[in-house]
Amino acid sequence: MASEKAQAADSGPRPIVPFLRLEPKPHLVGIRCSCGAIYVDLNRVACSRCGSAGPFEQVSFSGKGSVYVFSVVHQSFPGIPTPYITAIVDLAEGAAIRGNLLDFPPEQAQRDPHKVFGLPVEMVTRVVAKDREGRDVVAFGFRPAKR
Amino acid sequence: MRNVYVLGTGMTKFGRYPEKNVPLLGGEAALMALKDAGVGIKDVEIFFCGNLFQAPNMVGQRVLQQVGQTGIPVVNVANACATGSTAFREAYMAVASGMYEIAMAVGVEQMGKQGLLGSGGGGSDPAYATEGRLGSGLMPAVFGQAGVEHMRKYGTKLEHFAKISVKSHKHATKNPFSQYRNELSLDDVLNSRMIAYPNTLYMCCPTGDGAAAAILVSEAKLRQLAGGRRRPRVAAAALTSDPWTEHDLALPDVSTLTRRAAKQAYEAAGVGPKDVDLTELHDCFATAELIHYENLGLCGDGEAAKFIDEGGGMHPALGGKSPVNVSGGLLSKGHPLGATGVANICEITWHLTEDERARPRQVPNAKVGMAHVIGLGSACTVHILTI
């Protein structure tokens with residue numbers, strides 16, 4: 001198919017998951033059900049809150065949110081630098097998403113966890129790997145929001 | 001639905017058995033339970049086998065190839081950490097429904113030293129694996145965050161989680177079936193290396209191997225076979241999955257489905273938390289045990305820290321009340337996933353029947369026991385046994 005050829009020819013960066021879009025600038029996408037439930041996810045046959053099969057509203061997330069809870073990971077798979085903060089972020093639009101909390105010292109989070117709860121954050125992206133075709137793989141994360 | 005009783009139980013010591021395999025371990029536990037029940041494999045009418053990591057490999061049939069191929073229906077069960085307890089519940093339902101008189105449940109797992117359970121995603125190209133790049137979905141971090149959520153809500157301190165592990169290890173010194181039987185001090189627990197905040201190494205359950213089995217019978221069969229022995233009734237067998245909650249898709253919510261299962265179980269058994277003489281709950285991490293004190297109603301919401309400070313969860317012989325995980329729990333006894341849920345049933349049964357296998361740690365006058373298991377993804381069972 002023509003679109004596959006176009007993709008194969010594309011040597012640019014690729015998002016690590018389909019719900020991360022890199023253009024025109026990096027953002028998360030998802031869907032909203034008429035019941036109010038919102039998902040950072042596109043492939044969904046029905047709403048897991050109310051059961052409605054849609055149609056669903058497409059949502060672009062601003063990337064702004066606040067930290068709900070976190071953990072500091074000290075032991076991980078080979079090749080994953082530790083320690084790092086894994087956080088559950090409540091996005092401003094209403095969904096929750098898991099991501100690394102960057103630009104915040106893990107030891108400070110452990111020393112004073114209450115400084116992390118509710119911390120305003122914004123989404124950022126970073127290259128985390130090269131795939132088999134040599135393309136940059138881009139992941140999202142969060143950092144403390146700039147005022 | 002008919003009354004169902006636990007006629008026989010058996011389990012291997014949890015530990016590491018590299019020289020054995022899954023059907024052998026499962027077969028050993030099955031034979032122990034059959035012997036304890038005073039029946040043979042030819043008496044068993046249906047068999048539910050819980051195993052997770054070899055789920056596609058017909059483990060139940062291979063267990064019967066070890067202990068007796070009688071041609072009975074075999075159902076292989078996989079439900080994450082609730083695999084064994086789900087197999088037990090299926091066996092309960094088979095008898096309760098009136099369709100079978102004698103059912104067997106076996107839970108078995110051989111994990112070796114694999115750790116950090118959970119999936120990293122990524123498909124065929126590891127460059128797209130998300131673990132560590134989009135946060136952590138591994139169990140230590142998931143249950144770390146569940147503990148941190150309690151810290152956020154109620155100001156819970158690291159020491160409270162650590163005290164649970166100290167208690168667990170103290171209990172385990174009295175259980176010869178436990179993988180670890182060493183006592184640990186509060187400093188030992190707090191100063192062991194951090195795995196995923198706030199869970200240090202000794203606040204994480206070990207991986208390992210083991211098997212447990214139970215024979216369930218109808219009331220008529222009990223009369224025929226018990227020979228005067230008292231056997232516990234399965235007064236409640238609740239199973240829930242995770243309902244939609246706000247954070248569940250990002251952070252598995254282990255509380256809501258536990259609360260639902262506990263409520264259903266208490267109602268079915270006609271008892272409340274105050275009536276429960278001992279509880280085996282799913283302490284895969286110390287943080288999990290603390291939040292389940294509240295989820296199971298052993299104390300009020302936000303009162304887990306106070307509950308611990310007042311001896312809650314500790315064996316009465318150690319000055320405690322509302323004993324929890326007197327077996328040593330997953331933290332010390334070990335957690336061979338498929339075996340865990342059936343092993344809990346063994347522990348509860350042994351206390352209710354004053355079985356010699358629980359003698360060193362017998363909870364006095366135990367009449368009501370509760371067993372709780374969570375499988376992430378999620379499944380929750382709560383069984384209440386009474387005598």
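Residues numbered from 1 in each chain as written. Chains lettered and ligands numbered in written order. Predicted model: local features only at pLDDT ≥ 70, side-chain atom pairs only at ≥ 80, totals over all residues.

Undergrad: What exactly am I supposed to notice about the packing of helix α5 (residues 158–172) of chain B against helix α9 (residues 286–295) of chain B here?
TA: Describing two packed helices takes the angle between their axes plus the distance from one axis to the other. Residues and elements named next belong to chain B. For the pair α5 and α9, interaxial distance at closest approach is 8 Å and the crossing angle is 100°. With respect to α9, the axis of α5 lies roughly perpendicular. On α9, the residues touching His 160, Phe 161, Ala 162, Ile 164 and Ser 165 of α5 are Ala 286, Thr 287, Glu 289 and Leu 290. (Axes fitted to C-alpha atoms, helices over the stretch in contact; angles between N-to-C directions. Helix = DSSP H or I, 4+ residues; strand = E, 2+ residues; numbered from the N terminus. Parallel < 35°, antiparallel > 145°, perpendicular 65-115°, else oblique. Contact = placed C-beta atoms within 7 Å.)

Undergrad: Looking at this structure, how should I read the interface of chain A and chain B?
TA: By a widely used convention, the size of an interface equals the accessible area lost when the partners come together. Each partner contributes to the interface: chain A provides 34 residues, whereas chain B provides 29 residues. Counting only elements with at least two residues in the side of chain A that touches chain B, the list comes to β6 (64–73), β7 (84–91), β8 (96–101), β9 (120–130) and β10 (136–144) of chain A. In terms of residue count, the dominant contributor to the side of chain A that touches chain B is β6 of chain A (6 residues). Partitioning the side of chain A that touches chain B into residue classes produces 20 nonpolar, 9 polar and 5 charged. (Nonpolar A, V, L, I, M, F, W, Y, C, P; charged D, E, K, R; others polar.)

Undergrad: Even after reading the chapter, I still don't get the nonpolar core, so can you show me in this structure?
TA: Inside soluble globular proteins, nonpolar side chains tend to come together where they are buried. With 175 residues, the main nonpolar core has Ala 105, Ala 213, Leu 216 and Val 342 of chain B as its most contacted residues. In contact with Ala 105 of chain B, other than residues within four places in its own chain, are Phe 48, Ala 87, Phe 88, Ala 91, Ala 213, Ala 214, Leu 216 and Val 342 of chain B. (Core = buried A, V, L, I, M, F, W, Y, C linked by C-beta atoms within 7 Å. Buried ≥ 20, exposed ≤ 12 C-beta atoms within 10 Å, placed from the backbone.)

Undergrad: Please clarify how the pairing of strand β3 (residues 27–32) of chain A should be interpreted in this entry.
TA: On a regular strand, one side chain projects to one face of the sheet and the next to the other, so that they alternate. All names here are of chain A. Where strand β2 (residues 20–21) and β3 come together, 2 bridges link them in antiparallel fashion. Bridging across to β3, Leu 20 finds its partner in Leu 28. If you look at the hairpin formed by β2 and β3, you'll find 5 residues sitting between the two strands. In the sheet, β3 pairs with strand β5 (residues 57–60) via 4 bridges, with the strands oriented antiparallel. Bridge assignment links Val 29 to a residue of β5, and that residue is Ser 60. (Pairing = 2+ DSSP bridges.)

Undergrad: Can you walk me through the environment of Val 29 of chain A in this structure?
TA: Residue and element names in this part refer to chain A. Relative to the elements of secondary structure, Val 29 occurs in strand β3. By C-beta crowding, Val 29 is classed as partly exposed, having 15 other C-beta atoms within 10 Å. Each C-alpha atom of the pair Val 29 and Leu 119 lies 22 Å from the other, and the pair is 90 residues apart in sequence. Among all residues touching Val 29, those that are not within four sequence positions of it are Phe 19, Arg 21, Leu 42, Gln 58, Val 59 and Ser 60.

The values are spatial; any link to function lies outside them.
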